[in-house]
Every structure is written in C-alpha cells, then in structure tokens.
Amino acid sequence: MQTQTLALDRLDQPGAGQWPRYVLTGLAIIIISVFLLLPLAAVLIEAFSEGWDLYLQAITDRYTWEAIKLTLLVAAVVVPLNTVFGIAAAWMIARFQFTGRGALTTLIDLPFSISPVIAGLIFVLVFGAQGWFGSWFAEQGFPIIFAVPGIILATLFVTVPFVARELIPLMQEQGSEEEEAAIALGAGSWTMFWKITLPKIKWGLLYGIILCNARAMGEFGAVSVVSGHIRGKTNTLPLHVEILYNEYNFTAAFAVASLLAGLAILTLVLKSLVEWQQARSLERATQ
Amino acid sequence: MKRSFSILPGFRLASGITLFYLSLLVLIPLCALVWKTTELSLGELFATLTNSRVLASFRVSILTALAAAFINLFLGFVIAWVLVRYPMPMKRLFDAVIDLPFALPTAVAGIVLAALYAPDGWIGSFFTELGIRIAYTPLGIVVALMFIGLPFVVRTVEPVLQDLDSQLEEAAQSLGASPWTIFRRVLFPPLVPALLTGFALAFARGLGEYGSVIFIAGNMPMVSEIVPLLIITKLEQYDYAGATAIGLMMLVVAFIMLLVINMLQAWTRKRTGKL
C-alpha cells in the first residue's frame, strides 16, 4: 500500500494541512484502545487484583482443573472432526461442478448466522428428555443432554464452517491443474492428496484450525443450553467463569477468564504468523 | 447428484463425508426445530409469539443490534480507512487486535465489559457523573454488541478499500476536485456495498449474541431481556413449546439475514470486479 501515492495523502503534505490524517489516526487509536485493548488488559488486572496467591488458588482449584480437562477434551474431539469435514467439503465444492453447489455452500455457512442458543436448543429437541431419541439414549445409560456428548455435539455445530470456509475460496483460487497433472501422470489419489493438495493448502488449513479451536474452547451460549452446569462433570471453562461470576466470586472468575484471554492472545499471535507465512509463500509462488 | 466429468478422484468419498456430516449435525437437528413447532396449533404459535414479553424481547434485540451495527459502521470505517491509508505506529499490533472479539470467548467479554461499564467501573464511573447508566440497561447491550460486531465492518471494508483504483482519485484531483469531493464522489461509492455487508453481518451476529450480553444487560423482562435469553428461560421452565416457537422465529430471521448477506456480497464482488 505504501507504493501507491494517493491523492488525499499528497494533499496532506505540508501546506495543505495534515489535520484529517491526524484526527482520523488519533480516533482509530482511541477506538481500538478503549474498545479492544482496555477490556483485554482489564481481565488480567482484575485477575491479579488480590495477589498471586488468590490467583493461583483459583486456577488450581479442583473444579477449575476439571473444567480445563473437559474443555481440552471437547476441542480434541471437535477440531479433528471439523478438519476432516472441512477438507472433504472444500474438495467437493472447489473441485467439482454439480447441481446444488450453491445450496450446499449456504448450508455450511448456516451455523454462523444462527444464534448459539438455537444451536443448543435443536440438540435438546433431538436428544433431550422430551426429544426424539432422548429417552432411548438415556435408557442405554448414555445420556446426551446435560452430559459430555451434548456439549461436543453443540460445539461441533457452531464450529462446522471454520475450516471449510477458509479452504473453499483458497482452493477455488488455486485451481486444479497440478492435481490433474498428477493424476494424468499416474499418481494414486492419496499420493496426490499428500504430495500436491495438502502442501498447497497447508497455511489456509492451519488458519481455519486455529480459529476453529478458539471457538471450540470458548463457546458459551450453545454449550450453556445443553450442559446442565454440573460442576466437575459438564462444566467447561467458559461455563465455569459464569458460575464463579454469578457467585460474586469475581477474582476467581477473572482468574479463570485470564486463561481464556491467554488463549485468545495466543490465537491472535498464531493467526498473524500464519497470515504472514501465507503472504510469503504466495509471494514466492508469483516470483 | 449430477456432476460434470473430471479426472480428479475423491468425489464420492468427499461428498459422502460432507453430506453425511451435514445431515447428521445440521439438517436433522434443524428439522427437529421445525417439526416440534408443527406440534403447536397455529393459534398457540400466534399466542406465544405475540405475548407481550416475547414481543418486548424482540424489540430489545432488534433495536440494540441495529444501534450497535450502525455505530460500528462509523467506527469500523474509520479504523479500516486509517489501517489501509495512513502510516501508524505499532500498526501490526493494532491490526491484529481488531480480531480480538472473534478470538475472545464471549463469556469473558461479557464479564469484563460488565465490570468496566458498571456504575463504579473504570468507564462506567465516568458516565455515572454525567448521569448516564450503561451497564444493566439496554445501553449496556449496545456496548456489548459493538464489541462483538466491530471486526465484521473493519474486515469487510478493508480489502475493498485496499483495491480502490488510485488512478480515478488522481484524475479527480488533477481536474481540481477538493479532497472532500474526491471522498464523496470517487472513493465512497464503491465502498457502499462492502459497508452494507459489514453492517448486515454485525447486525445478524448481534441478534443472536448471548454470552457477551447477559452479564451486562441486567436482563429485566420487558426492558433489557434479549430473545436468546428468553429462549433459555423458557427451556428452564420446561416450556419447550414456547422455546421452540421463538427459536423457529429466530431461525427464519437468520435465514433472511443470510440471504441478504449473500446478495450484498455478490453486489460487492460485482462492484469491485473480483471473483
């Protein structure tokens, strides 16, 4: 962007008055600082407001540990499943022409525009006590709602689009010449996938996985509907934050929240690194 | 499913996985919602949806989401403009932190915004002196939805602003147009579809948002109770029919918003001449 000389910027040269540039830059910095940086800083400040000991006590509490373990378990199931789905859906949509392609793309996008509470509600309607299959599963000693499987299902639903949405436009843009060449030269399907497709999409794939993971670990609304909030059993980290907060145990709530804020910072850093790598490999490809 | 011939392998496997997964996880559960609503008579459905508390929650959700998306239109535009066109100290950091609302779990956003904007909070105490209460009023909902919606506007306007043709701008300038005229007649018109898309995305997200809102909203029925919270309240009272009816209504709204957004995105692509 720096290479373009833009008319408005040139007008900003001495003599024409630089005030629009300074006013707007100042305004943008204020907005970002007050709306985004301040809340992030406030989480950490509140978490440590009563000292290290209370902080450590809050995050090493037994129920916090159980919540951490459950959150990791949910992400460990959800992220791989949605990754496989995302690759399959992107391969189907970006590489083949078929009727109903547009409708399928819309269906994949749908969970993004549906309220997380609805995402929880639909699984209650299918697997809840009043639901279609709820009583059957409960009789088998394998309840879904107010149990871990329900949390996994609701999280799967809200994170369905992440990997697919990242890969579909990327693969469409890349085209399929190299893959067609590999097949024409006699490569097997899986050889083509591992040697041609995967290296080409790896940064986009990683980007989707990072965002999918952040949402899977942080989902609140959908999980809140199906979890039943049983401490030590069906309590994920975000739900644990809510329970502590509603008990007026603010320092502990912010201590647990600081773990999730750390996850968010890590996500942003990784995301920036992947974007940077992606831009670099694109540059190399066009050189 | 018909498809045109291609030598590439894997269509059957990929379509098998995709369709099975989507049916099981998205299609069948959504059908359950529609199916459960058909168990209600039309009269019951009408009575549920026109109940004064339900109507009030829809009014609160729609008005706060509209207000937040509208404010974000301006804030997001300023940020995108500065990020694309001006040099700025620590630009990388400011650029990366725009996506914070996507990465930060909504419950965390909810409790920290409630703490900041509470009457005795860092920002809230400032407004208390002016006689304005933010937390635990509909204004608090607007603040939470502004936080959640900001990146949608920035990230949809940014790429379009980046691709603007500088030749048009230079031509206008050499013909003697003032900076304000250049902005109004040359720069702004191609940005309109992207701005509307960002607005629609922020509005749609705001309508369904739950986690970041409930801590700051106060959740007073008729005043500051949002629709998603009312659904949860109905579920907790075992009023499955009521929850389902409201849920279906929200699903219909989500569908409409998705269509509108798809159309706006197609318009943006046409305007910018990109695929």
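K.L.:
Tell me about the overall build of chain B, and name the residues and values.
P.N.:
In terms of regular secondary structure, chain B is built from 13 helices and 0 strands. Listing every helix and strand of chain B by position from the N terminus yields α-α-α-α-α-α-α-α-α-α-α-α-α. Within chain B, buried positions represent 48% of all 275 residues. Counted over contacts in chain B with a minimum sequence separation of 6, partners at least 24 positions apart contribute 76%.

K.L.:
Explain the overall build of chain A to me, and be specific about the residues and the numbers.
P.N.:
Assigned secondary structure in chain A consists of 14 helices and 0 strands. When the helices and strands of chain A are placed in sequence order, the string is α-α-α-α-α-α-α-α-α-α-α-α-α-α. Dimensions of chain A, computed from C-alpha atoms along their principal axes, come out at roughly 65 × 60 × 30 Å. Among the 287 residues that make up chain A, the fraction classed as buried is 46%. Intrachain contacts of chain A at a sequence separation of at least 6 include 74% that bridge at least 24 residues.

K.L.:
Tell me about the nonpolar core, residues and numbers included.
P.N.:
Within the largest apolar cluster, 175 residues are counted, with the highest numbers of intra-cluster contacts made by Leu-121 and Ala-257 of chain A together with Val-108, Ile-111 and Ile-216 of chain B. Residues from two domains meet in this core; each of domain 1 (1-47) and domain 2 (52-286) of chain A gives at least three. Those residues in contact with Ile-111 of chain B that lie beyond four places of it in its chain are Val-241, Tyr-245, Ala-253 and Ala-257 of chain A together with Phe-215 of chain B.

K.L.:
Run through the environment of Ala-115 of chain B, naming residues and quoting values.
P.N.:
With respect to the element layout, Ala-115 of chain B can be found in helix α6 (residues 106-117). The buried category is assigned to Ala-115 of chain B, around which 25 C-beta atoms lie within 10 Å. Distance from Ala-115 of chain B to Ile-216 of chain B, taken between C-alpha atoms, is 8.2 Å for residues 101 residues apart in sequence. Those residues in contact with Ala-115 of chain B, other than ones at most four positions away along the chain, are Ala-42 and Glu-46 of chain A together with Gly-121 of chain B.

K.L.:
Describe the interface of chain B and chain A, and please don't skip the residues or the numbers.
P.N.:
Contacts between chain B and chain A engage 78 residues on the former and 82 residues on the latter. Of all the elements, helix α1 (residues 11-38) of chain B adds the most residues to the side of chain B that touches chain A, at 14 residues. Its residues placed into classes, the side of chain B that touches chain A shows 58 nonpolar, 13 polar and 7 charged.

K.L.:
I'd love a proper account of the domain arrangement of chain A, names of residues and values included.
P.N.:
Residues and elements named next belong to chain A. Under the domain assignment used here, chain A contains domain 1 (1-47) and domain 2 (52-286). The straight-line distance from the C-alpha centre of domain 1 to that of domain 2 is 33 Å. At the interface, 5 residues of domain 1 touch 7 residues of domain 2. Partitioning the side of domain 1 that touches domain 2 into residue classes produces 4 nonpolar, no polar and 1 charged.

K.L.:
Got a sec to walk through the packing of helix α4 (residues 62-95) of chain A against helix α9 (residues 161-174) of chain A? Specific residues and values, please.
P.N.:
Think of two packed helices as two axes; the pair is described by the angle between the axes and how far apart they sit. Residue and element names in this part refer to chain A. Running from N to C, α4 and α9 point in directions that differ by 30°, and their axes come no closer than 8 Å. Compared by their axis directions, α4 and α9 come out roughly parallel. In the packing of α4 onto α9, the handedness of the crossing is right-handed. For the pair α4 and α9, contact is made by Asn-82, Thr-83, Phe-85, Gly-86, Ile-87, Ala-89, Ala-90, Ile-93, Ala-94 and Arg-95 and by Phe-162, Val-163, Ala-164, Leu-167, Ile-168, Met-171 and Gln-172, respectively.

K.L.:
Tell me about the confidence of the model for chain A, residues and numbers included.
P.N.:
Overall, the prediction assigns chain A a mean pLDDT of 88, with 94% of residues at 70 or greater. A low-confidence stretch, residues 10-15 of chain A (pLDDT under 50), is modelled with 5 contacts involving residues beyond four sequence positions or located in other chains.

K.L.:
Break down unusual backbone geometry for me, with residues and values.
P.N.:
Located in the positive-phi region is Phe-146 of chain A, a residue other than glycine, with phi close to 60°. The phi torsion at Asn-219 of chain B lies on the positive side, around 55°, for a residue other than glycine. With respect to the helices, strands and loops of the structure, Asn-219 of chain B is situated in the loop between α11 (211-217) and α12 (227-236). Of the residues examined, Asn-219 of chain B has 17 C-beta atoms within 10 Å and is grouped as partly exposed.

K.L.:
Let's hear about the environment of Ala-67 of chain B: which residues, and what values?
P.N.:
Residue and element names in this part refer to chain B. With respect to the helices, strands and loops of the structure, Ala-67 is situated in helix α3 (residues 52-85). Since 18 C-beta atoms lie within 10 Å of it, Ala-67 is described here as partly exposed. A sequence separation of 139 residues divides Ala-67 from Gly-206, and the C-alpha atoms of the two residues are 9.9 Å apart.

Conventions and cut-offs
- Residues numbered from 1 in each chain as written.
- Chains lettered and ligands numbered in written order.
- Predicted model: local features only at pLDDT ≥ 70, side-chain atom pairs only at ≥ 80, totals over all residues.
- Helix = DSSP H or I, 4+ residues; strand = E, 2+ residues; numbered from the N terminus.
- Buried ≥ 20, exposed ≤ 12 C-beta atoms within 10 Å, placed from the backbone.
- Contact = placed C-beta atoms within 7 Å.
- Core = buried A, V, L, I, M, F, W, Y, C linked by C-beta atoms within 7 Å.
- Domains from an automatic or database assignment.
- Nonpolar A, V, L, I, M, F, W, Y, C, P; charged D, E, K, R; others polar.
- Axes fitted to C-alpha atoms, helices over the stretch in contact; angles between N-to-C directions.
- Parallel < 35°, antiparallel > 145°, perpendicular 65-115°, else oblique.
- Left-handed = near helix turned anticlockwise from the far one by under 90°.
- pLDDT = per-residue confidence, 0-100.

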